[in-house]
Amino acid sequence: MKIIIHGGFFSESNRNQETKIAKQKALSEILAAAYDYLQNHSATETAVFAVSLLEDHHLFNAGLGSQIQSDGKVRLSASLMDGKTQRFSGVINIEDVRNPIQVAERLAAYDDRVLSGAGALAFAREHGFHYFNPITTQRQAEFEEKRNQANRKGTVGCVALDRDGFLAAATSTGGKGFEMPCRVSDSATVAGNFANTHAAVSCTGVGEDIINTALATKIVTRVTDGSTLKAATKKSFVELAAIDGFAGVIGITAAGEVYHLDSHDYMVWAAFDGSLQVFN
Ligand code: ASP
C-alpha cells in the first residue's frame, strides 16, 4: 500500500513562511488519516477520502477556501479515476457544494460521468449534496484586493495503491483564481487526472499547460508501455519545458514506485512510502 497527496502549487511560499508550515502540517495530518483509511479501503475510496479532507481544509484551493473567479463566483472542478475499472468521472465548474470530489464519485456509477455547471449542480442536489458556500474571508479579501493575480495556484490531489494492487487518482480545484467565468481547468480532464492498472497520476499547475501536454495521460501511457514512473515523468517534463509549462505531478505505479516532480519547485506534497515524507 502506498499513498501520495499534494496541496497544489504554493506561490505564497516565498512570502509567507507561516502558511507554508501550516500547509505542510495539514498535509502530514491528512496523509496519516488517509494511510490509516487505506488499510481497509480501496484506492478509489481512499483517494476520495483524502481529497475530501483536503477540500475541507481552508488553506487549500479546493472546496472550502477555493479561489474566486473574476465575476466573484467560486466554481469548483474535481475528478476521480478508478484504475481498476478505468472509469473517469468528474464535475466542472460546479457551484455551492462542499465536496465536489464526492459528487464526482457519485457520478462514477452513471453512463454520463462528467457534468458541468447547472447540470452538475442539479445532479448534486438530487443526490443529497446540500448548499455550501466555500468562500472564506481570506479569499474574499484577496479577491477584493485583486491579489489573486499574483496568488493563483492551488489544487489538491491524491494517488493511492491499495492492498489488492489497484490504483486510483483524485484531483480537486478552485481553479487559477480571477480567471474568466466558467474557464475549464485541467483538474476534471484526463490531462490533469488519470489512472489505469499500471499507474495513476494527479497534476497541479497551469491548467492550460497541463492540457497542452496531456500530462497525466501521457505519463501513465509511458508507464503502461514499459517506462519507470520517474523516466516517464522526466520525459514528459522535457516536453512541458519546451512550451514553458508550469506543473507539478504526483504518481504511483502498480509495482509500488512513488514519484513526484514539479517544474518550479513550489508544489506542497506528502507521501507515505514506508515512512512519512513531507516536502515543499
Ligand atoms: N490546475 C489548476 C487550474 O489550472 C490550478 C492549479 O493546479 O494550481 O485550474
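That block above? That's the structure.
The structure reproduced in this document is the subject of the present report. In this convention, every chain numbers its residues from 1, walking through the sequence in written order. Only residues with pLDDT of at least 70 get local features here, since the model is predicted, and only at 80 or more are side-chain atom pairs given and counted; chain-wide, interface and lining totals rely on the full set of residues. By convention in this description, side-chain values take in all heavy atoms of the structure and omit both hydrogens and water.

**Some words on the sheet that holds strand β9 (residues 247-253)**
Okay, so step 1: In this description, strands pair whenever DSSP reports at least two bridges between them. Secondary structure elements are taken from DSSP: a helix is a run of H or I of four residues or more, a strand is a run of E of two residues or more, and numbering for both begins at the N terminus. Read from one edge to the other, the open sheet built from 4 strands follows the order β7-β8-β9-β10, with strand pairing classed as antiparallel. Of all the strands in the sheet, just β7 (193-195) and β10 (258-262) have a single pairing partner and so form its edges. On average, each strand axis in the sheet is tilted by 10 degrees relative to the strand beside it, whichever way the strands run.
Okay, so step 2: Examined bridge by bridge, β7 and strand β8 (residues 199-205) share 3 bridges and lie antiparallel to one another. When the bridges of β8 are listed, Asn193 appears paired with Ser202.
Okay, so step 3: Two residues form a contact once any of their heavy atoms are found within 4.5 Å. Helix axes are fitted only over the stretch in contact, all axes being lines through C-alpha atoms; the angle between N-to-C directions runs from 0 to 180 degrees. Those strands touched by helix α8 (residues 229-242) are β8, β9 and β10, and its axis lies near 15 degrees from that of β10.

**Some remarks on the side chain of Thr173**
Okay, so step 1: Within the secondary structure, Thr173 is located in strand β6 (residues 167-173).
Okay, so step 2: In protein, a polar contact means a hydrogen-donor-capable atom and an acceptor-capable atom, both N or O and within 3.5 Å, with residues adjacent in sequence counting only if both atoms are side-chain atoms; elsewhere, any N or O pair within 3.5 Å suffices. Within polar-contact distance, the side chain of Thr173 engages the side chain of Thr155 at 2.7 Å.
Okay, so step 3: Here the side chain of Thr173 touches Gly175 through a polar contact of 2.9 Å, landing on its backbone nitrogen.
Okay, so step 4: Residues within four places of Thr173 in sequence aside, it is in contact with Asn61, Ala62, Arg75, Leu76, Ser77, Thr155, Ser185 and Ser187.

**With respect to the nonpolar core**
One broad trend across soluble globular proteins is that nonpolar side chains are buried collectively.
Okay, so step 1: Ranked by internal contacts, the top residues of the largest apolar core, which has 41 residues, are Ile3, Ile5 and Ile94.
Okay, so step 2: When residues of this core are assigned to their parent elements, the largest contribution, 7 residues, is made by helix α1 (residues 17-38).
Okay, so step 3: Sequence-distant contacts of Ile5, that is, excluding residues within four places in its chain, are made with Leu27, Ile30, Leu31, Ala50, Leu54, Gly157, Cys158, Ile250, Trp269 and Ala270.
Okay, so step 4: Think of a nonpolar core as a cluster: buried Ala, Val, Leu, Ile, Met, Phe, Trp, Tyr and Cys residues, connected wherever their side-chain atoms sit within 4.5 Å. Buried means the residue's accessible area, taken with a 1.4 Å probe over protein chains only, is under 20% of the maximum for its type, while exposed means over 50%, and partly exposed covers the values in between. By size, the runner-up hydrophobic cluster in this structure holds 33 residues, among which are Leu215, Phe237, Leu240 and Ile252.

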